[in-house]
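Fold and contact review
Residues per chain, in single letters:
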Amino acid sequence: MTGRQDQPAASAPEPLPGPAGAPGTPPPPAPAGGAAGGAAGSSRRPALLGTAAGAALTVLAVLAANSGGPAGDPAVAAGTGAGGTATTRTVEVSLADMRVRPARIDVAEGTVLRLKVTNTDAQRHDLKVEDGPATPMLATGQSRTLDLGPVTGDREAWCTLPGHRAAGMTLDIVVRDTDSGSPHGAAGNTHGDPAADGHSGHSGPADSGTGLDLGADFSRGWRERSADLAPAPGGRLHRLELRADHTTVEVAPGVEQQMWTFGGTAPGPTLRGKVGDVFEITLINDDKGMGHGIDFHAGSLAPDGPMRTLRPGERLVYRFRAEKAGAWLYHCSTAPMLQHMGNGMYGAVVIDPPGLKPVDHEYVLVSSALYLGTPGSAAQVAKMREGTPDAWAFNGVAAQYAKRPLSVKAGERARFWVIDAGPSDPVAFHIVGTVFDTVYKEGAYLLTPGSPGGAQVLDLAPAQGGFVETTFPEAGHYSFVDHDMRHAEAGAHGTVEVSG
């Protein structure tokens, strides 16, 4: 459609104003004392939310940057100097995705440090060192080298553009004693200690509690959860065995978290059928430490028996008939449900409305919040009660479809089923660059093709569900988000890659 401004052409980004000068002016030469590097070529990743939205979100990680971690952490550049001898070190530093990489550099006291800074992002950035030199504003691919001289104390560096430092675009330079190899002020310092932060239930760059680097890479061998939704199977009786247990999951790039799961995944497997179909679910509690139950919103029955809590090793058969169409939630029925759901015990049931027309692609996206830390710990439960998650996600993993986009062809029609698993937050599902011509919410059509109006968002409260349909007009990268930008920037986003 004409008139949409969410996603202008990625080839002409609008530079942000900054101390280098007016927008659009090239950065000035490097100041005296810092050797200027040449423009560095870099491959340009498609903007996740288009250029205009990308200025605010790029790869969308707005929790504070990781500033610690072990020496083997890829976010940490570690080095040592010879005792009593000044050592010169040059570290390659990149600016992209609202992050400075590495996020931390460890140096021996007295090391002469040089930073070769390259902007690989679609928008301009700079890097200012505390009580030291700064680069000019760098356009995409440009580099400058900063000479810090001998480093004798911890320092911070950051991008000076408004809001970028607060969004996590920072770098910590940590001085280590040449004798002990320990950071200055290490005595009594628990920074980065998972146990001290109450985060021993997960590992990775978020252990300091300061945020996730959603622009980082997932672990080798990681696979995204497929968002493809298969058609409803034939027959009127659908049987499934679900086992409740604990499973360790990579819930964000490089971050593993113990989840409480149905069927070994969070969310659990998606069920699909038609009005009148019968579902027979055998629930087995394999969790040796606690009880679990299950509640299927798609069925109407007395909860006393089928939703009871199973002790470890017990099983039950939960049988219900899907009398009504809709996108339904299922979840653990054991108290405290906030914790059981907040730790991953939820899933979706899709019951097709009668006469549902075929489309080229169908996807299912379950929206949820992520709470890191030891499941059931005081620190984690406090975050749940206060409504302060570490991230938000579609299908259980933050930013997974930014790394592995959904794929369609121009002119194809797609249906997106969305279910809000909460446990506490609503979702406003939006696809940048498209207009929905069909909206189905809580068992009723709100908009159908041929209507003069269109829709931009599918808004859902916790436990609600529905679907939207759209046709992608041309090749490009169409970002989908929870349009609550706190959620989008903290993981609730992905990309639909449309080929010609």
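Reading the values: the criteria
- Residues numbered from 1 in each chain as written.
- Predicted model: local features only at pLDDT ≥ 70, side-chain atom pairs only at ≥ 80, totals over all residues.
- Heavy atoms only, no water.
- Helix = DSSP H or I, 4+ residues; strand = E, 2+ residues; numbered from the N terminus.
- Buried < 20%, exposed > 50% of the residue type's maximum accessible area, 1.4 Å probe, protein only.
- Contact = heavy atoms within 4.5 Å.
- Areas by Shrake-Rupley, 256 points an atom, 1.4 Å probe, with all protein chains shown as cover.
- Pairing = 2+ DSSP bridges.
- Axes fitted to C-alpha atoms, helices over the stretch in contact; angles between N-to-C directions.
- Polar contact = N/O pair within 3.5 Å; in protein donor to acceptor, adjacent residues only side chain to side chain.
- Core = buried A, V, L, I, M, F, W, Y, C linked by side-chain atoms within 4.5 Å.
- Salt bridge = Lys/Arg side-chain N within 4 Å of Asp/Glu carboxyl O.
- Phe/Tyr/Trp six-rings, centres within 6.5 Å; stacked < 30°, edge-to-face > 60°.

1. Regarding the overall build of the protein
Looking only at helices and strands, the protein has 6 helices and 29 strands in total. When each of the 500 residues of the protein is scored for burial, the buried share is 52%. Residue pairs in contact within the protein that sit at least 24 positions apart in sequence constitute 73% of those at least 6 positions apart. Of the accessible surface of the protein, which amounts to about 20,300 Å², a share of 52% is contributed by carbon and sulfur atoms.

2. Section: the sheet that holds strand 21 (residues 406-409)
Pairing in this open sheet of 5 strands is mixed, and the strands run 21-29-28-23-26 from one edge to the other. Two strands in the sheet have a free side with no partner beyond their single neighbour: strand 21 and strand 26 (458-460). Taken pair by pair, the neighbouring strands of this sheet meet at an average axis angle of 20 degrees, ignoring direction. The sheet contact formed by strand 23 (residues 427-431) and strand 26 spans 3 bridges and is antiparallel. Within strand 26, the residue paired with A428 across the bridge is D459.

3. Quick look at the side chain of Q380
Position of Q380 among the secondary structure elements: in helix 4 (residues 378-386). Since its relative accessible area comes to 0%, Q380 is described here as buried. Among the polar contacts listed, one links the side chain of Q380 to the side chain of N343, at a separation of 2.7 Å. Ignoring sequence-local partners within four residues, the contact set of Q380 consists of Q257, N343, Y371, L372, G373, T374 and P375.

4. What to know about the nonpolar core
A general trend in soluble globular proteins is that nonpolar side chains are found buried together. Ranked by size, the top nonpolar core spans 31 residues in total, and within it F416, F429, F472, F480 and V496 carry the most contacts. Mapped onto this core, the elements with two or more residues apiece are strand 19 (361-370), strand 20 (391-394), strand 21, strand 22 (413-420), strand 23, strand 26, strand 28 (476-482) and strand 29 (493-499). Every residue in contact with F472, bar those within four places of it in the chain, is listed here: V408, A410, G411, E412, A414, F416, I431, T434, Y478, V496 and V498. Counting 23 residues, the second largest nonpolar core, distinct from the first, contains V100, L115, L148 and V175.

5. Let's talk about the sheet that holds strand 3 (residues 99-101)
Taken together, 4 strands build an open sheet; the order of strands is 3-2-5-7 and the sheet is mixed. Every interior strand has two partners, whereas the edge strands, strand 3 and strand 7 (143-150), have only one. Across the sheet, the mean angle separating the axes of adjacent strands is 25 degrees when strand polarity is ignored. Across 3 bridges, strand 2 (residues 88-96) lies against strand 3 in antiparallel orientation. Following the sheet pairing, S94 is matched in strand 3 by R101.

6. Topic: the pattern of salt bridges
All chains considered together, the criterion is met by 24 salt bridges. The shortest N-O distance in the salt bridge between D286 and R243 comes to 2.9 Å. Taken together, the positions of D286 in the loop between strand 14 (278-285) and strand 15 (295-296) and R243 in strand 11 (residues 237-252) put the pair 43 residues apart, joining distant regions of the chain. Judged by its relative accessible area of 34%, R243 is partly exposed. Residue K441 is joined to D459 by a salt bridge in which the shortest nitrogen-to-oxygen separation is 3.4 Å. Here the residue K441 occupies a position in strand 24 (residues 438-441), and D459 occupies one in strand 26, the gap between them amounting to 18 residues. In this structure D459 comes out as partly exposed when scored by relative accessible area, which is 43%. Among the charged side chains, a salt-bridge network with shared partners connects R272, D352, E362, R413, R415, D437 and E469.

7. Comments concerning the packing of aromatic side chains
Counting across every chain of the model gives 19 aromatic pairs. Ring plane angle 10 degrees and centroid distance 5.2 Å describe the contact between F279 and F320, whose orientation is recorded as stacked. Within this pair, whereas F279 is found in strand 14, its partner F320 is found in strand 16 (residues 315-321), the two being separated by 41 residues in sequence. When its relative accessible area of 1% is taken as the criterion, F279 is described as buried.

8. Observations concerning the pairing of strand 23
The side chains of a regular strand alternate, residue by residue, between the two faces of the sheet. Within strand 23, 5 of the 5 residues are buried, leaving the element largely enclosed by the surrounding structure. Every second residue of strand 23 is oriented toward a common face, with V427, F429 and I431 on one face and A428 and H430 on the other, all of them buried. Across 3 bridges, the pairing between strand 23 and strand 28 is antiparallel. Paired with H430 across the two strands is V481, which belongs to strand 28.

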